[in-house]
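# A closer look at the structure
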Amino acid sequence: MPVLPGAEPYRHEGGEVGVLLCHGFTGSPQSLRPWAEYLAERGLTVSLPLLPGHGTRWQDMQLTGWQDWYAEVDRELRELLARCSQVFVFGLSMGGALTLRLAAKHGDAVRGIVVVNPANKVHGVASVALPVLRHFVRTAPGLAHDIARPGTTEVGYERVPVRAAHSLRNFLRLVDSELPQVTQPMVLLHSPEDHVVPPSDSARILGRVSSTDVKEVLLEQSYHVATLDHDAERIFEESHAFVGRFAPSVATKGSSAGG
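Rules and cut-offs
Residues numbered from 1 in each chain as written. Predicted model: local features only at pLDDT ≥ 70, side-chain atom pairs only at ≥ 80, totals over all residues. Heavy atoms only, no water. Axes fitted to C-alpha atoms, helices over the stretch in contact; angles between N-to-C directions. Helix = DSSP H or I, 4+ residues; strand = E, 2+ residues; numbered from the N terminus. Parallel < 35°, antiparallel > 145°, perpendicular 65-115°, else oblique. Left-handed = near helix turned anticlockwise from the far one by under 90°. Contact = heavy atoms within 4.5 Å. Nonpolar A, V, L, I, M, F, W, Y, C, P; charged D, E, K, R; others polar. Disulfide = S-S within 2.5 Å. Phe/Tyr/Trp six-rings, centres within 6.5 Å; stacked < 30°, edge-to-face > 60°. Buried < 20%, exposed > 50% of the residue type's maximum accessible area, 1.4 Å probe, protein only. Lys NZ or Arg CZ within 6 Å of the ring centre and 35° of its normal. Pairing = 2+ DSSP bridges. Core = buried A, V, L, I, M, F, W, Y, C linked by side-chain atoms within 4.5 Å. pLDDT = per-residue confidence, 0-100. Salt bridge = Lys/Arg side-chain N within 4 Å of Asp/Glu carboxyl O.

### Description of the packing of helix α4 (residues 94-106) against helix α6 (residues 162-178)
Relative orientation of the contacting elements α4 and α6 amounts to 40°, with a least axis distance of 10 Å. As far as their axial angle goes, α6 and α4 are oblique. Seen from above, α4 lies across α6 with left-handed handedness. Packed against α4, whose contacting residues are Met94, Ala97, Leu98, Leu100, Arg101, Ala104 and Lys105, the element α6 presents Leu168, Phe171, Leu172, Leu174, Val175 and Glu178 at the interface. For the contact of α4 with α6, the per-class residue count stands at 10 nonpolar, no polar and three charged.

### Notes on the state of the cysteines
Taken as a whole and judged by the stated rule, the model has zero disulfides. Left unpaired, Cys22 is separated from the closest cysteine sulfur, that of Cys84, by 15 Å.

### A few points about the packing of aromatic side chains
A full pass over the atoms with the stated rule returns eight aromatic pairs. Both rings, one in Trp66 and one in Phe171, keep their centres 5.3 Å apart while their planes meet at 25°; by these two values the pair is stacked. Separated by 105 residues along the polypeptide, Trp66 in helix α3 (residues 66-83) and Phe171 in helix α6 bring together distant segments of the chain. By relative accessible area, which is 0% here, Phe171 ends up buried. For the pair Phe88 and Phe246, a centre-to-centre distance of 6.1 Å together with 40° between the ring planes defines the contact as tilted. Pair noted here: Phe88 is in strand β4 (residues 86-92) and Phe246 is in helix α8 (residues 232-246), with a separation of 158 residues, a long-range link. Neither residue differs from the other here; Phe88 and Phe246 are each classed as buried. Chaining the aromatic ring pairs together yields one cluster made of Trp35, Tyr38, Phe90 and Phe236. It is Arg42 that lies over the ring of Tyr38; its NZ or CZ is 3.6 Å from the centre. Sitting over the ring of Tyr70, Arg101 keeps its end group 4.7 Å from the ring centre.

### A few points about the sheet that holds strand β3 (residues 45-48)
Strand order in the open sheet made by the seven strands is β1-β3-β2-β4-β5-β8-β9, with mixed pairing throughout. If you trace the sheet from one side to the other, it starts and ends with β1 (10-12) and β9 (214-218), each paired once. Averaged over all adjacent pairs, the angle separating strand axes in this sheet is 15°, with direction ignored. Where α3 meets the sheet, its contacts fall on β1, β2 (17-22), β3 and β4, and the angle it forms with β2 comes to roughly 175°. Strand contacts of α8: β2, β4, β5 (112-116), β8 (186-190) and β9, with the helix running at about 160° to β4, the strand carrying the most contacts.

### Topic: the nonpolar core
In this structure, Phe25, Trp69 and Leu100 are the most contacted members of the largest nonpolar core, which totals 42 residues. Mapped onto this core, the elements with two or more residues apiece are β2, α2 (58-61), α3, β4, α4, β5, α6 and β8. Element by element, the count of residues in this core is highest for α4, at seven residues. Discounting residues that sit within four places of it in the chain, Trp69 has contacts with Phe25, Leu51, Pro52, His54, Met61, Thr64, Met94, Leu98, Ala164, Ser167 and Leu168. Core analysis: the second largest hydrophobic core is formed by 34 residues, Val19, Val46, Ile147 and Val187 among them.

### A short note on the confidence of the model for the protein
Of all residues in the protein, 93% have pLDDT values of 70 or greater, and the mean over the chain is 93. Here residues 255-259 is modelled with pLDDT under 50, and outside its nearest four sequence neighbours on either side it reaches six contacts, counting other chains as well.

### Notes on unusual backbone geometry
The phi dihedral of Thr26 falls on the positive side, at around 70°, and the residue is not glycine. Residue position: Thr26 is located in the loop between β2 and α1 (33-41). The exposure class of Thr26 is buried, given its relative accessible area of 2%.

### Quick notes on the pattern of salt bridges
Inspection of every chain in the model, using the stated rule, returns 16 salt bridges. The salt bridge partner of Arg75 is Glu72, with a shortest N-O separation of 2.9 Å. Here Arg75 and its partner Glu72 are both found in helix α3, three residues apart, which amounts to about one turn of the helix. By relative accessible area, which is 16% here, Glu72 ends up buried. Its salt-bridge partner being Asp176, residue Arg208 comes within 3.5 Å of it at the nearest N-O pair.

Structure representation (structure tokens):
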């Protein structure tokens, strides 16, 4: 199937410092593209892959599960590690959960992580019903477009494949059990008003990781897809400054970069 316009993966060959960006469930690289380009303009090597089953049509996503999504970002991380001296991982929503698992599994190979409105669990009735519903119901209403900024849209599916949602539920449970293995420096940015992932998910993650170098940032002007919202520039700047703490050459390039 052809990829939806704007949902294409993005890569930029830059310097010795690399960043892997992970998009969210039923979303696409479009939600993180401005972030990726901001980092690329400042000399970083950037990888923003398209997760399997995403960016085309929801029917394709029915055939995939968390193992497929995680395998894709794990492969991209290994490629970055092979050609960069330092690698950071950033993620939005489910991409935040993917980021946390990569950190737990790869240890010191991941220098630091930045997560935006990271998902920790499936809430409400769906959490209990999904194991049964997936056998009888194909789709549920979509999750895309939770953005406060007028005129801004997200390239994502209008329907959620229930089978994939069940896989997400299982994945988030797994990641929650692995959070104590996360030790890297971390910036967690989250929106107090988020109609997809409640703030309690961020609180749970902050309370369970073993990281001691942690910064929490509230995104007061944005909803869930904050990377396309009013606080996008703040996310970009915070993440770039975070990388610059560990890679002085990045901080130097950032001070002279335009845009």
